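# Geometric and topological summary
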Amino acid sequence: MTHAKLVLIAVRWLRRYRCGVVLSEQACISGEMPDAIGWKKACHSVLVESKVSRGDFLADRAKRFRQKPETGVGCERYYLAPRGLIRTEELPMGWGLLEVWGREIERVKASAKNLRSAIGFENEMNLLLASLRRVEIRIEPESITDFLKWKNRMAEYNRGALPEGLIAEEEEANGFLLGTAGD
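Now for a description of the structure that goes with this document. Every chain is numbered independently, its residues counted from 1 as its sequence is written. Local features in this predicted model are restricted to residues of pLDDT 70 or higher, and side-chain atom pairs are both shown and tallied only at a pLDDT of 80 or more, whereas totals for entire chains, interfaces and linings draw on every residue. Side-chain metrics in this entry use all non-hydrogen atoms of the structure; hydrogen atoms and water are not considered.

Before going further, it helps to spend a moment on the overall build of the protein chain. Runs of H or I in DSSP of at least four residues are treated as helices and runs of E of at least two as strands, each being numbered from the N terminus. For the protein chain, the helix and strand inventory stands at six helices and six strands. Reading the protein chain from its N terminus to its C terminus gives the helix and strand order α-β-β-β-α-α-β-β-β-α-α-α. Partly exposed residues are those whose accessible area sits between 20% and 50% of the maximum for their type, while under 20% is buried and over 50% is exposed, using a 1.4 Å probe and protein chains only. Burial statistics for the protein chain: of 183 residues in total, 37% are counted as buried. Within the protein chain, counting contacts between residues at least 6 apart in sequence, those at least 24 apart form 54% of the total. Total accessible area on the protein chain stands at roughly 10,800 Å², and carbon and sulfur atoms take up 56% of it. Pairs of residues are marked as contacts when any of their non-hydrogen atoms sit within 4.5 Å. Here the Shrake-Rupley method, with its probe set to 1.4 Å, supplies the accessible areas, and only the displayed protein chains count as covering residues.

A few words on the nonpolar core. Across soluble globular proteins, nonpolar side chains have a tendency to be buried as a group. Ranked by size, the top nonpolar core spans 16 residues in total, and within it W13, L14, V46, V48, Y78 and L80 carry the most contacts. For this core, the secondary structure elements donating two or more residues are α1 (3-16), β3 (45-50), β4 (76-82) and β5 (96-101). The element that contributes the greatest number of residues to this core is α1, accounting for six residues. Ignoring anything within four residues of it in the chain, the contact list for W13 reads V46, V48, Y78, L98 and I105. To form a nonpolar core, buried Ala, Val, Leu, Ile, Met, Phe, Trp, Tyr and Cys residues must be joined to one another through side-chain atoms within 4.5 Å. Counting residues in each nonpolar core, the second largest holds 15 residues, with C28, L91, W95 and L127 among its members.

Any carboxyl oxygen of Asp or Glu within 4 Å of a side-chain nitrogen of Lys or Arg constitutes a salt bridge here. Taken as a whole and assessed by the stated rule, the structure comprises 14 salt bridges. Note that R66 and D60 form a salt bridge whose closest N and O atoms lie 2.7 Å from each other. Owing to a relative accessible area of 0%, D60 belongs among the buried residues under this scheme. R116 is the salt-bridge partner of E124, the closest N and O atoms lying 2.8 Å from each other. You can call E124 buried: its relative accessible area is 2%. When salt bridges that share partners are traced, they join E32, E49, K51, D56, D60, K63 and R66 into one network.

Next up on the list: helix α4 (residues 118-138). Note: α-helices contain 3.6 residues per turn, so residues at a spacing of three or four share the same orientation. Compared with an ideal rise of 1.5 Å per residue, which puts 21 residues at 30 Å, α4 spans 31 Å between its outermost C-alpha atoms and is within 8% of the ideal. Of all the residues in α4, the buried ones are G120, N123, E124, L127, S131 and E136. Two N or O atoms form a polar contact when they lie within 3.5 Å of each other; inside protein one atom must be a possible hydrogen donor and the other a possible acceptor, and for residues adjacent in sequence the pair counts only when both atoms belong to side chains. Regarding α4, its N-cap is S117, as a side-chain oxygen of that residue lies 3.3 Å from the backbone nitrogen of I119 further along. Any helix carries an expected span of 1.5 Å times its number of residues minus one.

The buried fraction of β5 amounts to five of the six residues, a majority that puts the element mostly inside the structure. In short, DSSP must find at least two bridges between two strands for them to pair. One ladder, built from five bridges, connects β4 with β5; its direction is parallel. Directly across from P82, in β5, lies its bridge partner V100. Two elements, β5 and strand β6 (residues 104-109), share five bridges in a ladder whose sense is antiparallel. Across the sheet, residue E99 finds its bridge partner in β6, namely E106. In this antiparallel pair of consecutive strands, β5 and β6, the connection spans two residues, and G102 shows a positive phi of 60 degrees.

A few words now on the sheet that holds strand β2 (residues 36-39). On the basis of which strands lie adjacent, the open sheet formed by six strands has the order β1-β2-β3-β4-β5-β6 and mixed pairing. Only two strands of the sheet have a single partner each, and these edge strands are β1 (21-23) and β6. Pairs of neighbouring strands in the sheet enclose a mean axial angle of 20 degrees, with direction left out of account. In this sheet, β2 lies alongside β1 in antiparallel orientation, the contact comprising three bridges. Residue L23 lies in a different strand from β2, and its bridge partner there is I37. Convention adopted: a line fitted to C-alpha atoms gives each axis, helices being fitted over their contacting stretch, and angles between N-to-C directions are expressed from 0 to 180 degrees. Here α4 sits on the sheet in contact with β1, β2 and β3, set at roughly 95 degrees to β2.

Written out as structure tokens, the structure reads:
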């Protein structure tokens, strides 16, 4: 099992865990580069760190944001590893464990849901804003705001009606605008 394969598995797991926005291997200002992180309703974030070897797992403990967990990202935090690589008693306080074997993923231990601090939230915002900036650079010469308004232009080109299969922006379900806690 390669690290890249585990990261893909983590991304798929986060989508099944109902995260509407998922990023993988994007850096934030704290130096942390989550293997995969997703967000559910009300800014509830879920971090998944993929580990392919014992050495990789043990080295993770020495990272600055593991030594000071209040600077880390993720309301929920999980390690994803091949079955039997990590024992639950070795997990940092509050962390959960996902094990993979073959095509199956088992949640061996659930994460606490309140691990992110105010500093961690700021680091997540930095990660999200830096990622949005990368998107904006790639869609030049348009701004990201113009890009997000593409449906309005589609309706203009189509004599006031949206093309078949598209719904109006105000009718889109967007759980990130709801004030409820993450599921």
